[in-house]
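Here is how the chains run, residue by residue.
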Amino acid sequence: MDDGRRLLIRAGSNVDRTVLAELGFEVHELDALPQVFMTSRFHVLGAKGAKALSVSPLVQDMIGQISTSRLAAVMNELTGPVPAVADGSYTNIRTRSTASGRPIQRALSYMAEYFDALGLQVTQRVWSAGGYSSRNVISVQPGTTASSEVVVICAHLDCVPESGATAPGADDNASGSLAVLLAAEVFRDFTFQRTIRFVLFTGEEQD
């Protein structure tokens, strides 16, 4: 049953719960006691209400361009295990802390140079707040028939160290930053009605 925001389902096993959680669903189990639902708020999902899902060849083509080896290569450069070329030097990015000075500036340059190599328009906006100052990197892929409408794909680039001076931040938020980069890499070979703006922020950890 479905009320538009929640689904009531009968799971076949604990595996179903795990799979749903991995897909991003917030899962709550109901106990064995009888449950009473307001039927006016739910409608039963059946064969008549089911919608056939279609696979987009265009989306399949986009996804097919991304490989795990490509993901790993860029992730290793962003998080420090592998040296990265940025801002005229070839060294490891050990931290992306907003207050780290040279390291975060190199990470920002890495992003800007990545977008520039894709042939996209790149700008960097300076900000200051709460005693901190840094930059945001913005790259634009112009749209066609609806270029005044903008779709933003963004992530925060900065991270905080759990201990010591290093802050690799693979999951906070190199993974999100990587998604923005690879989206730009894939989308550049396609045209879209709306303008796409790829933005990488700093200062999120201080917000």
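Residues numbered from 1 in each chain as written. Predicted model: local features only at pLDDT ≥ 70, side-chain atom pairs only at ≥ 80, totals over all residues. Heavy atoms only, no water.

Draft legend 1. Representation of the sheet that holds strand β3 (residues 121-129) within the structure. Strand order across the open sheet formed by 4 strands is β3-β4-β6-β5, with mixed pairing between neighbours. Of all the strands in the sheet, the pair left with one neighbour each is β3 and β5 (146-156). Going from strand to strand, the sheet's axes swing by 25° on average, the running direction of each strand aside. Its contacts with the sheet put helix α5 (residues 170-187) on β4 (132-141), β5 and β6 (194-201), and the angle it makes with β5 is roughly 150°. (Pairing = 2+ DSSP bridges. Helix = DSSP H or I, 4+ residues; strand = E, 2+ residues; numbered from the N terminus. Axes fitted to C-alpha atoms, helices over the stretch in contact; angles between N-to-C directions. Contact = heavy atoms within 4.5 Å.)

Draft legend 2. Fine view of α5. An ideal rise of 1.5 Å per residue puts 26 Å on 18 residues; α5 measures up with 24 Å between its terminal C-alpha atoms. Burial analysis of α5 places 13 of its 18 residues in the buried class, which makes it a mostly covered element. (Expected span 1.5 Å × (residues − 1). Buried < 20%, exposed > 50% of the residue type's maximum accessible area, 1.4 Å probe, protein only.)

Draft legend 3. Structural view of the nonpolar core. Ranked by size, the top nonpolar core spans 33 residues in total, and within it Tyr 110, Met 111, Phe 115, Leu 181 and Phe 198 carry the most contacts. Listed by contribution, the elements that provide at least two residues to this core are α3 (68-79), β1 (84-86), α4 (102-117), α5 and β6. Residue contributions to this core peak at 9 residues, all from α5. (Core = buried A, V, L, I, M, F, W, Y, C linked by side-chain atoms within 4.5 Å.)

Draft legend 4. Region of the structure containing unusual backbone geometry. Put simply, Asp 172 and Asn 173 share a cis peptide bond, and its omega is 5°. Assignment of secondary structure puts Asn 173 in helix α5. Phi at Asp 87 is positive, roughly 55°, even though this residue is not glycine. Summarising the element assignment, Asp 87 is placed in the loop between β1 and β2 (89-91). Taking relative accessible area as the criterion, Asp 87 reaches 36% and is therefore assigned partly exposed.

Draft legend 5. Spotlight on the packing of α3 against α4. One way to put it is that α3 packs onto α4 with a least axis distance of 11 Å and a crossing angle of 145°. Taking contact as the criterion, the partners of Arg 70, Val 74, Glu 77 and Leu 78 in α3 are, on α4, Tyr 110, Met 111 and Tyr 114. Its residues assigned to classes, the contact of α3 with α4 comprises 5 nonpolar, no polar and 2 charged. (Nonpolar A, V, L, I, M, F, W, Y, C, P; charged D, E, K, R; others polar.)

Draft legend 6. View of the packing of aromatic side chains. Counted by the stated rule, this structure contains 4 aromatic pairs. Between the aromatic rings of Phe 115 and Phe 198, the centroid separation amounts to 6.2 Å while the plane-to-plane angle is 25°, which identifies the pairing as stacked. Of the two residues, Phe 115 is situated in helix α4 and Phe 198 in strand β6; the sequence distance between them amounts to 83 residues. Here the aromatic rings of Phe 187 and Phe 198 are separated by 6.5 Å at their centres, their planes lie at 45°, and the arrangement is tilted. With Phe 187 in helix α5 and Phe 198 in strand β6, the pair connects residues that are 11 residues apart, well separated along the chain. Exposure class is identical for Phe 187 and Phe 198. Each is buried. (Phe/Tyr/Trp six-rings, centres within 6.5 Å; stacked < 30°, edge-to-face > 60°.)

Just distances and angles here, no functional claims.
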